[in-house]
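Spelled out, the chains give:
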Amino acid sequence: QVQLVESGGGWVQAGGSLRLSCAASGSIFRFNAMGWYRQAPGKQRELVARITSGGSTNYADSVKGRFTISRDNAKNAVYLQMNSLKPEDTAEYYCNADRAVVGKGIYHYWGQGTQVTVSS
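What you see is a predicted model; the values in this text were computed from it and never measured. The residue numbers shown here count from 1 along each chain, following its written sequence. Local features in this predicted model are restricted to residues of pLDDT 70 or higher, and side-chain atom pairs are both shown and tallied only at a pLDDT of 80 or more, whereas totals for entire chains, interfaces and linings draw on every residue. Excluded from the side-chain calculations are hydrogens and water; all other atoms, namely the structure's heavy atoms, are used.

Chemist: Just give me the short version of the overall build of the protein chain, but keep the residues and values in it.
Modeler: By the criteria applied, helices consist of DSSP H or I runs no shorter than four residues and strands consist of E runs no shorter than two, each listed in order from the N terminus. Regarding its fold elements, the protein chain presents zero helices and 11 strands. Secondary structure elements of the protein chain, listed N to C terminal, follow the sequence β-β-β-β-β-β-β-β-β-β-β. The C-alpha radius of gyration computed for the protein chain amounts to 14 Å, which stays within 12% of the reference 14 Å derived for 120 residues, consistent with globular compactness. Counting only C-alpha atoms and orienting by the principal axes, one finds that the protein chain spans roughly 50 × 30 × 25 Å. Note on exposure labels: buried denotes an accessible area under 20% of the residue type's maximum, exposed denotes more than 50%, and partly exposed covers the range between, all computed with a 1.4 Å probe on protein chains only. Out of the 120 residues belonging to the protein chain, those deemed buried represent 42%. Only the protein chains shown count as cover for residues, with accessible areas throughout obtained via the Shrake-Rupley method and a probe of 1.4 Å. Surface exposure of the protein chain reaches about 6300 Å², of which carbon and sulfur atoms provide 48%. All tallies of charge rest on Lys and Arg as positive and Asp and Glu as negative; His and the ends of each chain are not included. To locate a charge, take NZ of a lysine, CZ of an arginine, CG of an aspartate or CD of a glutamate. Put simply, the protein chain has 13 plus and 8 minus side-chain charges, and the middle of one group is 6 Å from the middle of the other. We take the radius of gyration over the C-alpha atoms and set the globule estimate at 2.2 Å times the residue count to the 0.38 power.

Here it is as structure tokens:
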């Protein structure tokens, strides 16, 4: 059973920084990609940043230049460094991991979420 546990959320003023962490149970090498999604009240969940097992990254346009996703294979963890935070970044942030299984498709795993609140 895969478990993803997020931490690092909280309250911060606009312009501030937070670093989210996602700890996985077991090796993250088994995942094809890991990422961070967010969901604000009344809105759909959206991709924030994603990193593949090979280290390729992609970001939502709204966070490019401000957020950085990274991974530490030795610690089985993925991080999201968030700088220059804006009130519109306020949301529940979820860690995600995708694993492709031959003949069975892609399995998606989710953490429980961590709240980020940015005040103006």
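Chemist: Got a sec to walk through the pattern of salt bridges? Specific residues and values, please.
Modeler: The term salt bridge refers to a side-chain nitrogen of Lys or Arg lying within 4 Å of a carboxyl oxygen of Asp or Glu. One pass over the structure, following the stated rule, counts four salt bridges. Across the pair Glu46 and Arg38 runs a salt bridge, and its minimum N-O distance is 2.7 Å. Ionic pairing is found between Asp61 and Lys64, a salt bridge with its closest N-O pair at 3.1 Å. For the residue pair Asp61 and Lys64, the accessibility class agrees, reading exposed in each case. Within the structure, one salt-bridge network assembled from shared partners comprises Arg38, Glu46, Arg66 and Asp89.

Chemist: Could you give me a rundown of the nonpolar core, with the residues and numbers involved?
Modeler: Nonpolar side chains tend to gather and get buried jointly when the protein is soluble and globular. Leu4, Met34, Trp36, Leu80, Met82 and Tyr93 are the most contacted members of the largest nonpolar core, which totals 29 residues. Elements supplying a minimum of two residues to this core: strand 3 (18-24), strand 4 (33-39), strand 5 (46-52), strand 7 (67-72), strand 8 (77-82), strand 9 (91-101) and strand 11 (114-119). Working definition of a nonpolar core: buried Ala, Val, Leu, Ile, Met, Phe, Trp, Tyr and Cys residues. They are joined through side-chain atoms within 4.5 Å.

Chemist: Can you break down the environment of Gln115 residue by residue, with the values?
Modeler: Within the fold, Gln115 resides in strand 11. The sequence separation of Gln115 and Gly10 amounts to 105 residues, and the corresponding C-alpha distance is 6.1 Å. If we ignore the near neighbours within four places in the chain, the residues touching Gln115 are Gly9, Gly10, Thr90, Ala91 and Glu92. As used in this structure description, the phrase polar contact means that two N or O atoms lie within 3.5 Å; if the pair is within protein, one of them must be able to donate a hydrogen and the other to accept it, and residues adjacent in sequence are counted only when both atoms belong to side chains. A distance of 3.4 Å separates a polar atom in the side chain of Gln115 from the backbone oxygen of Ala91. In this structure the side chain of Gln115 is engaged in a polar contact, spanning 3.4 Å, whose partner is the side chain of Thr117. Every residue pair with non-hydrogen atoms within 4.5 Å of one another is taken to be in contact.

Chemist: Give a description of the side chain of Arg66 that names residues and reports values.
Modeler: If you trace the backbone, Arg66 turns up in the loop between strand 6 (57-59) and strand 7. Judged by relative accessible area, Arg66 falls into the buried class, the value being 11%. For Arg66, the side chain forms a polar contact with the main-chain oxygen of Ser84, separated by 2.9 Å.

Chemist: Any details on the sheet that holds strand 1 (residues 4-7)? Residues and values, ideally.
Modeler: A pair of strands counts as paired when DSSP detects no fewer than two bridges linking them. One open sheet holds the four strands; their spatial order is 1-3-8-7, and the pairing between them is antiparallel. The open sheet is flanked by strand 1 and strand 7, the only strands paired with a single partner. Going from strand to strand, the sheet's axes swing by 15 degrees on average, the running direction of each strand aside. Of the strand pairs in this sheet, strand 1 and strand 3 are connected by four bridges, and their pairing is antiparallel. Paired with Ser7 across the strands is Ser21, a residue of strand 3. The convention used is that axes are lines fitted to C-alpha atoms, helices contributing only their stretch in contact, and that angles between N-to-C directions extend from 0 to 180 degrees.

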